[in-house]
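Chains, contacts and geometry: an overview
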Amino acid sequence: MRVTGRSLFDKVWDAHVVSDVPGGPSILYVDLHLIHEVTSPQAFDGLRARGLRVRRADRTLATMDHSTPTAPRRADGSLPFVDDAARSQVATLERNCAEFGVTLHALGSEGQGIVHVIGPEHGATQPGATIVCGDSHTSTHGAFGALAFGIGTSEVEHVLATQCLLQRRPRTMRVTARGALAAGVTAKDLVLAIISRLGVGGATGHVLEYAGAAVRGLSMDGRMTVCNMSIEAGARAGMIAPDEVTFTYLEGRPMAPRGDAWARAVERWRRLASDDDARFDRELSLDAADVAPRVTWGTNPGLGVAVDGVVPTADEAPSGERAAWQKALDYMRLEPGRPIAGAPVDVVFVGSCTNSRLDDLRDAARVLRGRKVADGVRMLVVPGSQAIKRDAEAEGLAEVFRAAGAEWREPGCSMCIAMNGDEVAPGKLAVSTSNRNFEGRQGRGARTVLASPLTAAASAVSGRIRDPRELLR
Amino acid sequence: MTERTAFTAVTSRLAKLVRDDIDTDQIIPARYLKATSRAGFGANLFADWRESEADFPLDRADARGAALLLAGRNFGCGSSREHAPWALLGAGFRAIVARSFGDIFRQNSLKNGLLPVAVDEATHAALVACADEVTIDLDARELRFAGGRVGFEVDAFSRDCLLRGVDELGALLARLPEIEAFERRHA
Ligand code: SF4
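At the junction of the two partners, chain A supplies 66 residues and chain B supplies 54 residues. Note on chain A versus chain B: buried area summed over both sides is about 4600 Å², and carbon and sulfur give 55% of it. Looking only at chain A, the three residues that lose the most surface to chain B are Gln42, Arg50 and Arg444 of chain A, adding up to 14% of its buried area. Linking chain A to chain B there are nine salt bridges. At the boundary of chain A and chain B, one finds 26 residue pairs in polar contact (both at pLDDT 80 or more). Residue assignment for the side of chain A that touches chain B shows that the elements contributing at least two residues are strand 1 (17–20), strand 2 (26–29), helix 2 (41–50), helix 3 (84–100), helix 5 (153–162) and strand 8 (164–167) of chain A. If you tally residues by element for the side of chain A that touches chain B, the top one is helix 5 of chain A, at seven residues. Broken down by class, the residue content of the side of chain A that touches chain B amounts to 24 nonpolar, 25 polar and 17 charged.

Moving on: the environment of Arg95 of chain A. Mapped onto the elements of the fold, Arg95 of chain A is located in helix 3. With 109 residues separating them in the primary sequence, Arg95 of chain A and Thr204 of chain A have C-alpha atoms 36 Å apart.

Within this structure, the stated rule accounts for 52 salt bridges over all chains. Residue Arg55 of chain A pairs with Glu183 of chain B through a salt bridge whose shortest N-O separation is 2.6 Å. Within this pair, whereas Arg55 of chain A is found in the loop between helix 2 and strand 4 (60–63), its partner Glu183 of chain B is found in helix 8 (residues 176–185), the two belonging to separate chains. For Arg55 of chain A, a relative accessible area of 13% puts it in the buried group. Residue classification places Glu183 of chain B among the buried residues on the basis of a relative accessible area of 14%. Across the pair Glu232 of chain A and Arg436 of chain A runs a salt bridge, and its minimum N-O distance is 3.1 Å. Taken together, the residues Glu232 of chain A in the loop between helix 8 (220–228) and strand 11 (237–239) and Arg436 of chain A in the loop between strand 18 (429–432) and strand 19 (447–450) connect sequence positions 204 residues apart.

Bringing the pairing of strand 10 (residues 206–211) of chain A into the picture now. Residue and element names in this part refer to chain A. Burial of strand 10 is extensive: six of the six residues sit out of reach of the surface. Side-chain alternation along strand 10 places His206, Leu208 and Tyr210 on one buried face and Val207, Glu209 and Ala211 on a second face that is also buried. Two elements, strand 9 (residues 171–178) and strand 10, share six bridges in a ladder whose sense is parallel. Counterpart to Val175 in the pairing with strand 10 is Tyr210. Where strand 10 meets strand 11, three bridges bridge the pair, whose relative direction is parallel. Paired with Val207 across the bridge in strand 11 is Ala237.

So, on to helix 3 of chain A. Residues and elements named next belong to chain A. Here helix 3 contains 17 residues, and its C-alpha end-to-end distance of 24 Å stays within 8% of the 24 Å for a straight helix at 1.5 Å per residue. For helix 3, every residue scored as buried is listed here: Ala86, Gln89, Val90, Thr92, Leu93, Asn96, Cys97 and Phe100. Seen along its axis, helix 3 keeps its buried residues to an arc of 150°; they face one direction. Of the exposed residues in helix 3, those oriented more than 90 degrees away from the buried face are Asp84, Arg95, Ala98 and Glu99.

Mean pLDDT over chain B stands at 94; residues scoring 70 or higher make up 98%. Scoring of the predicted complex yields 0.96 for pTM and 0.94 for ipTM.

In the vicinity of the ligand, the residues found are His66, His116, Asp135, His137, Ser352, Cys353, Cys413, Cys416, Ile417, Asn435 and Arg441 of chain A. Of the residues belonging to the shell around the ligand, the class tally is four nonpolar, five polar and two charged.

Now for the side chain of Asp167 of chain B. Residues and elements named next belong to chain B. Looking at where Asp167 falls in the secondary structure, it is placed in the loop between helix 6 (156–164) and helix 7 (168–173). A distance of 3.4 Å separates a polar atom in the side chain of Asp167 from the backbone nitrogen of Leu169. A polar contact is formed between the side chain of Asp167 and the backbone nitrogen of Gly170, at a distance of 3.5 Å.

Another aspect to go through is the packing of helix 12 (residues 358–368) of chain A against helix 14 (residues 397–404) of chain A. Residue and element names in this part refer to chain A. At their nearest, the axes of helix 12 and helix 14 sit 9 Å apart, and the two run at 45° to each other. Classified by the angle between their axes, helix 12 and helix 14 sit oblique to one another. Crossing angle aside, the handedness with which helix 12 passes helix 14 is left-handed. In this structure, helix 12 contributes Leu358, Leu361, Arg362, Ala364, Ala365 and Leu368 to the contact, and helix 14 contributes Leu397, Val400, Phe401 and Ala404. A per-class count over the contact of helix 12 with helix 14 returns nine nonpolar, no polar and one charged.

This part takes up the sheet that holds strand 8 (residues 148–151) of chain B. The strands making up a sheet are joined through hydrogen bonds of the backbone, oriented either antiparallel or parallel. All names here are of chain B. One open sheet holds the four strands; their spatial order is 1-6-7-8, and the pairing between them is antiparallel. The open sheet is flanked by strand 1 (9–12) and strand 8, the only strands paired with a single partner. Between one strand axis and the next, the sheet turns by 15° as a mean value, whatever way the strands run. With three bridges connecting them, strand 6 (residues 134–137) and strand 7 (residues 142–145) associate as antiparallel partners. Paired with Asp137 across the bridge in strand 7 is Glu142.

All names here are of chain A. Phi is positive for Arg333, close to 50°, though the residue is something other than glycine. Here Arg333 lies in the loop between helix 11 (322–332) and strand 15 (347–350). Given the relative accessible area of 53%, Arg333 is considered exposed. You will see that Ser414, though not glycine, has its phi angle at about 55°, which is positive. Tracing the sequence through the fold places Ser414 in the loop between strand 17 (407–408) and strand 18.

Conventions used here
Residues numbered from 1 in each chain as written. Chains lettered and ligands numbered in written order. Predicted model: local features only at pLDDT ≥ 70, side-chain atom pairs only at ≥ 80, totals over all residues. Heavy atoms only, no water. Contact = heavy atoms within 4.5 Å. Buried area = accessible area lost by both parts, 1.4 Å probe. Salt bridge = Lys/Arg side-chain N within 4 Å of Asp/Glu carboxyl O. Polar contact = N/O pair within 3.5 Å; in protein donor to acceptor, adjacent residues only side chain to side chain. Helix = DSSP H or I, 4+ residues; strand = E, 2+ residues; numbered from the N terminus. Nonpolar A, V, L, I, M, F, W, Y, C, P; charged D, E, K, R; others polar. Buried < 20%, exposed > 50% of the residue type's maximum accessible area, 1.4 Å probe, protein only. Pairing = 2+ DSSP bridges. Expected span 1.5 Å × (residues − 1). Arc of directions from axis to C-beta. pLDDT = per-residue confidence, 0-100. Near = heavy atom within 4 Å. Axes fitted to C-alpha atoms, helices over the stretch in contact; angles between N-to-C directions. Parallel < 35°, antiparallel > 145°, perpendicular 65-115°, else oblique. Left-handed = near helix turned anticlockwise from the far one by under 90°.

Structure, rendered in structure tokens:
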């Protein structure tokens, strides 16, 4: 028996270990398996080849988001897929879900959206659960106190066939954000600051727990933004202990427990928080008040700076990273030694599983209301789900975007991964609320600057990277 | 159980792409992820770098036909796409030698018979300078080259699966009674 207290991660992990494989990994039980069209077809083929069924279709939930068009249907009612491969990938998921009895929120249905947006919306994402998906941003669901992580396609097949995975126990790290975020500074800025501190591989092998007053002060939308980007520091997962904010969000959602079962669940969930004497393998803490709006200047999410800061020179790189910094600076073509604010912008993207929820759209609208997207700038606003689209339209946000000259699209991953035809042209600079600024992520040769919805909107109206605090005064 | 070629030892020259933080979007760009089979990804390995860089290291004469790839730190970070190891295998690689690996990439590779080998800084520096053949011996858990021999870590379970050429799903399916018992306990 452990003598010290247990962390949130310990409690969820321990409750899901089926057994240990001698000399190897643990068999970990999966409560919820989320599926999308890109990383599942080969797994379903594997089941067919072995004559296996989906063991727990009731614990499996599918949607389509990566290859799906975000433009409206054509006049003839057809969907404007970018190519036949995209159409076929979506059709393959439909066929697989029908054949194996998996619930699918298909394109055109009201429950469809980005996989990490709809899980929480439907109430499928619950505290204390283990959640996996063939997608690295599965870490998003950790915002509810779930242990949620991305897996590969072979593992998708393992879960479909057995509802289990072979996993080695990861290490733990607590990230404590003390105090409160200043006005104009958001969850996105906080997590970008944390990733810069840890480095793009700094949390490899770890599960993060985000704690501290600044994290407690975030809405569920903000908490999801933080947990979503855990993988960008290399972490398998990020978690936040559930509290009243979590319970208020979940109560009444279609898949959440009801009546007596709800009361019992909440009682159970309250006990998930890390014990006072829980031990973590590593600790990091920071003062939230010191965090400014952040933007990235390089080609991974760790290479960032405050929006009122300066693009670094390669000479400032930590030892051993000079060549990588130089390569990033060459690719991004931002001027080293000059303020990053003021750099000309071609495209602005508000969307992705990081920042496509209602709070994010409200932030963008706050800046855009009564203003216009600058000449020569293309701005896309892509809601994370059909539900968010409906809410944003009911609240008048869509009208604000349209009046400002932005495109208001159908839900999906869109320009976050540029698989569906929504892409940034070669050499163009995009300020994006998504999570990866890797070379070519938003289209071949595209240059990506990651930012919050506030900073993205401020940059859209200015035509240049802009500190949103100047427009919020 | 699905059988694949058992992995014992591989001897080859190193193809060298000594860069840190090579993400899976570089290994196989997203626009090539629309195929619904496992085959054919090798042709698009590092597609964007190949197109945009003159003299891309893997296209040099001395890298042709290499079965071992030498990279930098944190190889395979980012997206969970298993298409990354499929592309590397499709292009003829059997093992990747690096300072460290992204977690999901490492797992995906082991499940496909692509061996991730992490080495320390001194070994890495020696390999960067090495033009000769290198042997990765999984059975002995050892990397051998002109500069000497060094051990590497691979957990016993993955090693056993690789050596026998079997996949992990077989091991899980064999434990179904325990999984069912777990479900009964937690129903
Ligand atoms: S929005 Fe982007 S990061 Fe999120 S699931 Fe889609 S492609 Fe992946």
